[in-house]
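Read off the chains here:
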Amino acid sequence: MVNRSKDFLRRRVEEDLELDRYKKIVTRFPPEPNGFPHIGHAKSISINFGIAKEYGGECNLRMDDTNPTTENIEFVEALKDAVEWLGFRWSGDVRYTSDYFLKLYNYAIRLIKMGKAYVDSLSEEEIREYRGTVTKAGKRSKYANRTIEENLDLFNRMKRGEFREGEHVLRAKIDMSSPNMKMRDPLLYRIKNGDHFRAKDKWAIYPMYDFAHPLSDYIEGVTHSICTLEFENNRDIYNWLIETLELEPPRPYQHEFARLNINYTVMSKRKILELIDNKIVDSWDDPRLPTIAGLRRRGYTAEAILNFCEQIGVAKANSTVDIAQLEFSIRDDLNHKVPRVMSIFKPLKVTIENYNGFEDINASYYPHDVPKEGFRKLPFSKEIYIERDDFMENPPKGYYRLTPNQPVRLKYAYIISCQEIIKDNSGNIVEIKAKYYPNSKSGSDSSGIKVKSAIQWVEANSAKEIEVRLYDRLFKKETPEGIDDINPNSLEIIKNALIEPAVIKDRVDSRFQFERHGYFFADPVEYSDKRPIFNRVVSLKESWSKKIKRENRRDKSKPKKEHIEGRVAPMSREEEILFKIYSEEHRLNREVANTLARDKELSKFYKEALKEFNNPIAIANITTNEVARELKVKKIDEVKFTPKDIADLVKMVDSGTISTKIAKDVFEEMSRSGEEPTKIVNDKGLRQINDKSLILSIVKEIISKNPKNVKKFRDGNRKILGFFIGQVLKASNGKANPKIVNELVTEELNLI
RNA sequence: UGGGGUAUCGCCAAGCGGUAAGGCCACGGUUUUUGGUACCGUUAUUCGGGGGUUCGAAUCCCUCUACCCCAUCCA
């Protein structure tokens, strides 16, 4: 990760720091303790704690416990645990929104006193009706005009528990016809009778998210309140509250990023809970679940998860990450960490008829490319087990393992070849009689026999039995819709797998690679010496089985989406007249004329500029492009340049004093400082260079400095022209006439 | 449908007017006592579509399209 470019959040943080908006960065991770955190939370944790760490700030862990009916202490613990396990430390103690209830209550009082909040007594259904719809404005409740005293009294009595749930709520008085539904007098407080898991029965009213969240951020001195995309609409309330309460700066700002989705799994608390309730998985820490507890129990490491979070990046586009990316991150991590051992899942007995006696073979735990040391003893005798799949009587082409006429190496031990196949009455292979080559021992092989592969094995009498749990993706569909999409084979249990004894006796690690099978983790809950249980974290990448499958797979390439062309809204009568004038009299091209005709402000601006300098096409072009951009973000009376300024700018371009490229820079400066264009050009000496010989010398210099790119050009890369033009322009501080540069560069390059 | 967002390779994702980064996946090859790893190579003449501005556009302007979010007394 050499030059990893910064994501938009980090860029914003850096900007805020540079402009001295904050002395120190404070972020927060604010989960609601109503479920176990999943890998989506890990992404948020990684962002919030990561940013705080990188910029020398702090990150708070805050339990957003404003809804007593769903929250409890078990989830608080799971959340704390997850953050710690991922390796982060929160600043100070764990925070709780419930600790701020009194402060929040006082803010509410202030809002009421300002006339900005009122107690509403509409029923739940009425409130819904009054809210209107996305296309229809809502209407305000008749209770909205209660006096401040009435509101204060009612709110106070709500707090004291004098009312039943639903009788009254506190609402902000904002705008019932706001196009943003969230701003239609949002609820601030509601009555809840049950006990809160921390505040017990102290409160009868509880703040809503939209009220508690910004204020809690403010109370904690949070600077960057980072949340997911679905809260974009809530940002208006966030700002409204802070502004309306006239809170002392510095204040926090909310920023949103896209939540994590992964294919073949589900990420929401609701859906995970559904799996637990339907007994499809055992509990929150089921190794098939994308919960942190599940991943952890499966054998994922914190490093792998953190790497994953870093790899997928942070952006604002809704996206679904391929589960293969997650699998990569754990393989990548475990590869250089864990010992390799041999295990047999489906044993096939092999009797080595010409071997007698017993020996202990010294075998390294790590392959040559893992820079770690460690050995164990591998018992060897004439009776061993190999994997059933590692022998085939009638092998397909390209099969590397043991066959009636293909020898194979027993890893760390000898080369064997098949002498006889023993079958039972129904024709199943039950045993292989083999012979070994005494001079082929690993490390001192003088047999000269070439084998295609080495396979794993265990010695029959010393091998230990283990249970292995082979986990696979939970759903068979990429985008699961429900329980019907469950992968019925998401868990395969092998009760009597065999493993070399050192794994059980020495226990050098809790994670192993079972060679050629995958990475495994001693189940932290159910493992015992009597019944050792290993979870498969992830299988190894396997090109052999894929190659076989590929042969009978059809190509199902997706057809490109068909594009539907929509209809442009028709012009009004006046617009049509304008369009006609612009395109026919002023000879503007249709697109420009169209843009101008449909936009009254632009049109007016254009006409005024035209009075100053009669060059309709040039004025129209700059108006519909540059001026239009400014008008998108500012109102007409906020822009700092006048039509005359634009006309002057065009005049300079027209006369060749400046190039269009310089004109853009001047325009930027104009809209920033409001200075006159001629002054800017003079002050900065921006006159363009038209002297051919001067430009030519720069061109030659650039060409001689970049032989590699010259070669690219000669090899047919025309786009590289842009590189040379850019370089020449840069060398002349942007002043060289780009048309001439273009001409000369092309000429020179073709000469070579 | 009003508002707010988003579109760059099969999946993520850089890019902010001057040569379309990188990772995953896939595909070849080399090394290998793991059909693993590592290493080398291949994979976007094109950035949702169409126009326009410019010497030059993924980037600026116009327009169309698709998808996501908002009408819980959830967060």
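Residues numbered from 1 in each chain as written. Chains lettered and ligands numbered in written order. Predicted model: local features only at pLDDT ≥ 70, side-chain atom pairs only at ≥ 80, totals over all residues. Heavy atoms only, no water.

1. Digging into the overall build of chain A
Regarding its fold elements, chain A presents 25 helices and 25 strands. The C-alpha radius of gyration computed for chain A amounts to 36 Å, which surpasses the reference 27 Å derived for 752 residues by more than 25%, pointing to a less compact arrangement than a globule. Principal axes of the C-alpha set define a box for chain A whose edges measure 105 × 90 × 50 Å. Residues counted as buried form 49% of the 752 residues belonging to chain A. Considering only contacts within chain A whose residues lie at least 6 apart along the sequence, 69% involve residues at least 24 apart. As presented, chain A carries roughly 39,700 Å² of accessible surface, and 47% of it is formed by carbon and sulfur atoms. A gap of 3 Å separates the mean positions of the 130 positive and 118 negative side-chain charges of chain A. (Helix = DSSP H or I, 4+ residues; strand = E, 2+ residues; numbered from the N terminus. Rg over C-alpha atoms; globule rule 2.2 N^0.38 Å. Buried < 20%, exposed > 50% of the residue type's maximum accessible area, 1.4 Å probe, protein only. Contact = heavy atoms within 4.5 Å. Areas by Shrake-Rupley, 256 points an atom, 1.4 Å probe, with all protein chains shown as cover. Lys, Arg positive; Asp, Glu negative; His and termini not counted. Charge placed at Lys NZ, Arg CZ, Asp CG, Glu CD.)

2. Considerations on unusual backbone geometry
If a residue is not glycine, its phi is most likely negative; likewise, a peptide bond is most likely trans. For the peptide bond that leads from Pro249 to Pro250, omega is 5°, which places it in the cis range. Although it is not a glycine, Asp20 sits at a positive phi angle of roughly 65°. With respect to the helices, strands and loops of the structure, Asp20 is situated in the loop between α1 (8-18) and β1 (26-29). In this structure, Tyr264 is a non-glycine residue whose phi angle is positive, near 65°. With respect to the helices and strands, Tyr264 occurs in the loop between β9 (253-257) and α9 (269-277).

3. Points about helix α7 (residues 209-220)
For α7, spanning 12 residues, the distance from its first C-alpha to its last is 16 Å, which sits close to the expected 16 Å at 1.5 Å a residue. When you tally the buried positions in α7, you get 10 out of 12 residues, the bulk of the element. Taken together, the buried positions of α7 are occupied by Asp210, Phe211, Ala212, His213, Pro214, Leu215, Ser216, Asp217, Tyr218 and Glu220. A positive phi of about 75° marks Gly221, the residue just after α7. (Expected span 1.5 Å × (residues − 1).)

4. A look at the domain arrangement of chain A
Domain annotation for chain A reports domain 1 (8-99 + 213-259), domain 2 (109-209), domain 3 (269-332), domain 4 (343-456), domain 5 (559-684) and domain 6 (692-751). On a C-alpha basis, the centres of domain 3 and domain 5 stand 51 Å from each other. (Domains from an automatic or database assignment.)

5. As for the pairing of β1
Side chains of β1 alternate between two faces, with Val26 and Arg28 and Thr27 and Phe29 buried alike. Inspection of the sheet shows β1 paired to strand β2 (residues 58-63) by four bridges, in the parallel sense. From the neighbouring strand, Arg28 faces β2, where its bridge partner is Asn60. Viewed along the sheet, the connection from β1 through helix α2 (residues 39-54) into β2 turns out right-handed. (Pairing = 2+ DSSP bridges. Right-handed = clockwise from strand over helix to strand, strands pointing away.)

6. Brief notes about the environment of Val699
Following the sequence through the fold, Val699 ends up in helix α22 (residues 692-705). Linking Val699 and Glu748, residues 49 residues apart in sequence, is a C-alpha distance of 8.0 Å.

7. Topic: the packing of aromatic side chains
Per the stated rule, a full pass over the model turns up 29 aromatic pairs. Arranged with centres 6.4 Å apart and planes meeting at 65°, the rings of Tyr365 and Tyr366 form a pair that is edge-to-face. Of the two residues, Tyr365 and Tyr366, both sit in the buried class. Seen in terms of ring centroids, Phe605 and Phe641 are 6.0 Å apart; in terms of plane orientation they differ by 80°. Their pairing is edge-to-face. Residue Phe605 is found in helix α17 (residues 600-612), and its partner Phe641 is found in the loop between α18 (616-633) and α19 (643-654); the two are separated by 36 residues along the sequence. Taken as a pair, Phe605 and Phe641 share a single burial class, namely buried. Here the aromatic residues Phe101, Tyr105, Phe155, Tyr189, Trp203, Tyr206 and Phe211 are joined through ring pairs into a cluster of three or more. Directly above the aromatic system of Tyr96 lies the positively charged group of Arg198, at a separation of 3.4 Å from the ring centroid. (Phe/Tyr/Trp six-rings, centres within 6.5 Å; stacked < 30°, edge-to-face > 60°. Lys NZ or Arg CZ within 6 Å of the ring centre and 35° of its normal.)

8. Observations regarding the environment of Thr291
For Thr291, the location among the structural elements is in the loop between α9 and α10 (292-298). Of the residues examined, Thr291 reaches a relative accessible area of 0% and is grouped as buried. Between the C-alpha atom of Thr291 and that of Tyr118, which follows or precedes it by 173 residues, the distance is 41 Å. Beyond its immediate stretch of four places on either side in the chain, Thr291 contacts Phe36, Pro37, His38, Ile272, Trp284 and Asp285. For Thr291, the side chain forms a polar contact with the main-chain nitrogen of Gly294, separated by 2.9 Å. (Polar contact = N/O pair within 3.5 Å; in protein donor to acceptor, adjacent residues only side chain to side chain.)

9. As for empty space enclosed by the protein
Taken as a whole, this structure holds one cavity of 30 Å³ or more when the rule is applied. Roughly 40 Å³ of internal volume is contained in the largest cavity. In this structure, the largest cavity is lined by Met342, Leu378, Pro379, Trp457, Val458, Glu459, Glu500 and Pro501. At the level of secondary structure, the elements contributing two or more residues to the lining of the largest cavity comprise β14 (375-381) and β20 (457-459). (1 Å grid on protein atoms, 1.4 Å probe; cavity = no way out; pocket = protein on both sides within 12 Å on 5 of 7 lines; lining within 4 Å. Points joined across faces, edges and corners; volume = space filled by probe spheres on them.)

10. Focus: the nonpolar core
Nonpolar side chains tend to gather and get buried jointly when the protein is soluble and globular. Ile39, Phe49, Val83, Leu86, Ile262, Ile305 and Phe308 are the most contacted members of the largest nonpolar core, which totals 41 residues. Mapped onto this core, the elements with two or more residues apiece are α2, β2, α3 (73-85), α10, α11 (302-312), α12 (323-335), β24 (518-522) and β25 (533-539). Those residues in contact with Phe49 that sit more than four places away from it in its chain are Phe29, Cys59, Asn60, Val83, Phe88, Arg89 and Trp90. If you look at the next biggest cluster of nonpolar residues, it comprises 37 residues, including Leu588, Phe605, Phe641 and Ile662. (Core = buried A, V, L, I, M, F, W, Y, C linked by side-chain atoms within 4.5 Å.)

11. What about a negative patch on the surface?
Judged by side-chain charge, Glu124, Glu125, Glu126 and Glu129 come together as a negatively charged surface patch. Mapped onto the secondary structure, Glu125 falls in helix α5 (residues 124-130). By relative accessible area, Glu125 is classed as partly exposed at 47%. (Patch = residues over 30% accessible without salt bridge, like charges linked within 9 Å, V, L, I, M, F, W, Y side chains within 5 Å. Salt bridge = Lys/Arg side-chain N within 4 Å of Asp/Glu carboxyl O.)

12. A short note on the packing of α11 against α12
Running from amino to carboxyl end, α11 crosses α12 at an angle of 135°, the nearest separation of the two axes being 9 Å. Judged by the angle between their axes, α11 and α12 are oblique. When the axes of α11 and α12 are compared, the crossing they make is right-handed. Where α11 abuts α12, its residues Glu303, Ala304, Phe308, Gln311 and Ile312 lie against Gln325, Leu326, Phe328, Ser329, Ile330 and Asp333. (Axes fitted to C-alpha atoms, helices over the stretch in contact; angles between N-to-C directions. Parallel < 35°, antiparallel > 145°, perpendicular 65-115°, else oblique. Left-handed = near helix turned anticlockwise from the far one by under 90°.)

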